[in-house]
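Single-letter residue listing:
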2 protein chains.
Amino acid sequence: MATTIRSVAAAAGVSVATASRALSGSPAVVDSTRRRVIQAAIALDYTPSRLARSLVTGSTGNVGVILPDITNPFYTSFLAGLEAALGAQDIGVLIGDSGENPDRENRLVRRMSTQVDGLVLASSRLSDEQIVAATSRRPVVLANRMLETSEELPKRLGQVVIDVHPGFTAAVNHLSSLGHRQLTYVDGPAQSWSGRQKRIALTLACSALGLPLRIRSTTRADFGAGRTAGRQVAAEAAQDGTTAVIAFNDQMALGVLAGLREAGKDVPGDLSLVGCDDSLEDGLAWPALTTVGSSARALGELAAHKILNPMGQEAGLIPTALIVRDSTERARSDRGAPVA
Amino acid sequence: MATTIRSVAAAAGVSVATASRALSGSPAVVDSTRRRVIQAAIALDYTPSRLARSLVTGSTGNVGVILPDITNPFYTSFLAGLEAALGAQDIGVLIGDSGENPDRENRLVRRMSTQVDGLVLASSRLSDEQIVAATSRRPVVLANRMLETSEELPKRLGQVVIDVHPGFTAAVNHLSSLGHRQLTYVDGPAQSWSGRQKRIALTLACSALGLPLRIRSTTRADFGAGRTAGRQVAAEAAQDGTTAVIAFNDQMALGVLAGLREAGKDVPGDLSLVGCDDSLEDGLAWPALTTVGSSARALGELAAHKILNPMGQEAGLIPTALIVRDSTERARSDRGAPVA
DNA sequence: TTCACGAATGAAACCGGTTACATTAACCAT
DNA sequence: ATGGTTAATGTAACCGGTTTCATTCGTGAA
């Protein structure tokens, strides 16, 4: 039923070898023959089977991507960047949603491994050992995660991450200069590697300024978790003196915003709020959210590049910067006072 | 290097045929043998090659999905539903972003066709003929789009759509009962099938009530297009008397919201606003957006079901309903007047 | 005892491409 | 003319599984 290369060869009156060579542009075939073959292929509407080709060449022409949550705009942008960069090279993209579940993620790795040339794991929830193990199946690029190992990295492992330091220290400096003296960080899930990076960056920046930092952990990184955290922050702000909140990502920041409002707090009137990722379209939040921005899309493109050119062991870095909008304001206690 | 079924067979001391049977659970293999083979497979960390299997069985175990824009939350939810439903059956998902470009979409169809068991085209930008042509390669499920053809449908074509009528007529009735007498619909791209459905539903509902409807078309369905449309609506509202706006989708509604605000208009004070898709997380918009809701996720799940069980020619339907929130309010001209 | 039959396993073809190697033919130098 | 190159094409093996068909062996009936 399907039109194979043998039917094309027959139609063109040549052997399958010649047909294959003619279609793949080998120079060892004379022009007149090539024309005949191509004409036959067009006439029969022939499309070569990627499966068969992959089987013999050993390269499949597609890569697998595993994300913790397709729905999250950060991963969506990441995926868009990745897909665009790979699609431009005519490479296919297999996706899997791990639902932040390591077992599921591992199953996806196994499942995909035999039909991709490489795997991109975004914010992987696997253990270092599991990741190293995956490496023995296919080349792997970690995005938004790095191995803890100080030993030499597996040869077939690449890493691309967002460097949160510049953005988060800028955020702390910004809040400090606005007179905020007690910050609260609403963290994401404890296993998250990037969450830890953020905690470190914030802790560093705060201690450099002698500012106290309160860290509030959550189990998920979504709107709902942010909301309950927001309510709690509001309830305890009177005691602990928190006047500014930094959130793990923008979705949680929106949740915090909602939680604070439910508790009768105004942003930025009562508390200032800083998000992360700059994943919200203009005007999507009200007030517009001050956020630590970085391009998830750029991260995706970098990951694509890394999986195609495995050379280079150093981690690829995408920088962050603070994007000041309307959700941060001078601390109430500091209002009217001269600028520091 | 890779561990193949032959190495497993050798290790277990059986032929490849027996190894294959043992692993695929054929009853024609005695238990003791099966155990030996399985042990060998585990010892060698054997994972069967999907490629090789597909080549001979003719079924690949994955489906392709083509979306106009991965970044759009509607398609993201759709994709999430689809991936979840297919993943549960251990079916892989290949994605492609057409960028709303028919040529690109066609290339993706060709590219994927040899490595998937079926194709899901979401809001396809292809012509009816092109879609029918794709059908001859693989079974196709159209999502959010139907063929115009009155002739018999190709046997291998399924359709799943969102039935916009209930939601949109409810929206019109809702606005009408609030005293709005001139509505403006901010449409999406003209080629969009679902856009046409929405125009039809609105026109019908309005004429049933004797309400005039102004339709404003745009070229893209994103925030930016909504914003410029919002500015224009604000500028002309004084002349044409528009007091309520319905948007093609929530992203555009947010754009319209931003555009109106830039022009000094308040929502819902000056104008009421209705979105579509209910794609925004709780509290993501301010004020919370009244919207015509339907579950893109459910549509994705239905598409997954349809591609797995091709039986049934009738289009699958996902209903819509109006979700009233805070962006719609009694028309200013009508305030203080008794409720109709 | 012999034969038929069925159960368990093995040998080999096959899926649709690519590619190493063999073959043919044409051309040039001797 | 003859032998050696080289260019163009053909033959067949191969990728890693599945599946058809053949083979072997044990068992029960004749």
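As the structure is a prediction and not an experimental result, all values here were calculated from the model.

So, about the protein's contact with DNA strand D. Taken together, 25 residues are adjacent to DNA strand D, and A:Thr18, A:Thr33, B:Ile5, B:Arg6 and B:Ser20 come closest. If you look at DNA strand D and keep only atoms within 4 Å of the protein, 53% of those are sugar or phosphate atoms. In the model, a phosphate oxygen of DNA strand D is placed 2.6 Å from a nitrogen or oxygen of the B:Ile5 main chain. Elements supplying a minimum of two residues to the surface near DNA strand D: helix H2 (16–23) and helix H4 (50–57) of chain A together with helix H1 (5–12), helix H2 (16–24) and helix H4 (50–57) of chain B. Of the residues in the surface near DNA strand D, the class split is 14 nonpolar, seven polar and four charged.

Neighbouring DNA strand C are 24 residues, the closest being A:Ile5, A:Arg6, A:Ser20, B:Thr18 and B:Thr33. For DNA strand C, the fraction of atoms within 4 Å of the protein that belong to sugar or phosphate moieties is 56%. At a separation of 2.5 Å, a phosphate oxygen of DNA strand C approaches a polar side-chain atom of A:Ser20. Taken together, the residues of the surface near DNA strand C break down into 13 nonpolar, seven polar and four charged.

Before going further, it helps to examine the pattern of salt bridges. Residues and elements named next belong to chain A. With the rule as written, the count across this model stands at 34 salt bridges over all chains. Taking the shortest distance from any N to any O, the salt bridge between Asp270 and Arg332 comes out at 2.9 Å. Here the residue Asp270 occupies a position in the loop between helix H11 (250–262) and strand S9 (272–277), and Arg332 occupies one in the segment after strand S12 (321–323), the gap between them amounting to 62 residues. Members of the salt-bridge network, linked through shared partners, are Arg214, Arg216, Glu236 and Asp240.

Our focus in this paragraph is the interface of chain A and chain B. Contacts between chain A and chain B engage 44 residues on the former and 44 residues on the latter. In total, chain A and chain B occlude about 4100 Å² of area from one another, counting both sides; carbon and sulfur atoms represent 55% of this. Between chain A and chain B we count six salt bridges in total. When the shortest N-O distance is used, the salt bridge between A:Asp45 and B:Arg137 registers 3.3 Å. Our enumeration of links across chain A and chain B arrives at 18 residue pairs in polar contact (both at pLDDT 80 or more).

What follows covers the packing of aromatic side chains. What characterises a pair of aromatic rings is the spacing of the ring centres plus the angle enclosed by the ring planes. All names here are of chain A. For the coordinates displayed, the defined rule picks out two aromatic pairs over all chains. Judged by centre distance (5.3 Å) and plane angle (85°), the ring pair of Phe74 and Tyr75 falls under edge-to-face. Note on Phe74: relative accessible area 6%, which makes it buried. In this structure Tyr75 comes out as buried when scored by relative accessible area, which is 9%. Its end group placed over the ring of Phe248, Lys198 keeps NZ or CZ at 4.0 Å from the ring centre.

Before going further, it helps to examine the sheet that holds strand S1 (residues 62–67) of chain A. Backbone hydrogen bonds hold the strands of a sheet together, and the pairing may be parallel or antiparallel. Read from one edge to the other, the open sheet built from twelve strands follows the order S11(A)-S5(A)-S4(A)-S3(A)-S1(A)-S2(A)-S2(B)-S1(B)-S3(B)-S4(B)-S5(B)-S11(B), with strand pairing classed as mixed. Looking at which strands have only one partner, the edges of the open sheet turn out to be strand S11 (316–319) of chain A together with strand S11 (316–319) of chain B. Geometrically, the sheet is characterised by an average inter-axis angle of 20° between neighbouring strands, direction not taken into account. As defined by bridge partners, strand S5 (residues 157–163) of chain A adjoins S11(A) across four bridges and the pair is classed as parallel.

Turning our attention to the domain arrangement of chain A. Residue and element names in this part refer to chain A. By the assigned domains, chain A splits into domain 1 (5–48), domain 2 (62–162 + 297–319) and domain 3 (164–293 + 322–334). On a C-alpha basis, the centres of domain 2 and domain 3 stand 29 Å from each other. At the interface, twelve residues of domain 2 touch ten residues of domain 3. The contact between domain 2 and domain 3 buries some 1100 Å² in all, and 50% of this surface belongs to carbon and sulfur atoms.

How each quantity is defined
- Residues numbered from 1 in each chain as written.
- Chains lettered and ligands numbered in written order.
- Predicted model: local features only at pLDDT ≥ 70, side-chain atom pairs only at ≥ 80, totals over all residues.
- Heavy atoms only, no water.
- Near = heavy atom within 4 Å.
- Polar contact = N/O pair within 3.5 Å; in protein donor to acceptor, adjacent residues only side chain to side chain.
- Helix = DSSP H or I, 4+ residues; strand = E, 2+ residues; numbered from the N terminus.
- Nonpolar A, V, L, I, M, F, W, Y, C, P; charged D, E, K, R; others polar.
- Salt bridge = Lys/Arg side-chain N within 4 Å of Asp/Glu carboxyl O.
- Contact = heavy atoms within 4.5 Å.
- Buried area = accessible area lost by both parts, 1.4 Å probe.
- Phe/Tyr/Trp six-rings, centres within 6.5 Å; stacked < 30°, edge-to-face > 60°.
- Buried < 20%, exposed > 50% of the residue type's maximum accessible area, 1.4 Å probe, protein only.
- Lys NZ or Arg CZ within 6 Å of the ring centre and 35° of its normal.
- Pairing = 2+ DSSP bridges.
- Axes fitted to C-alpha atoms, helices over the stretch in contact; angles between N-to-C directions.
- Domains from an automatic or database assignment.

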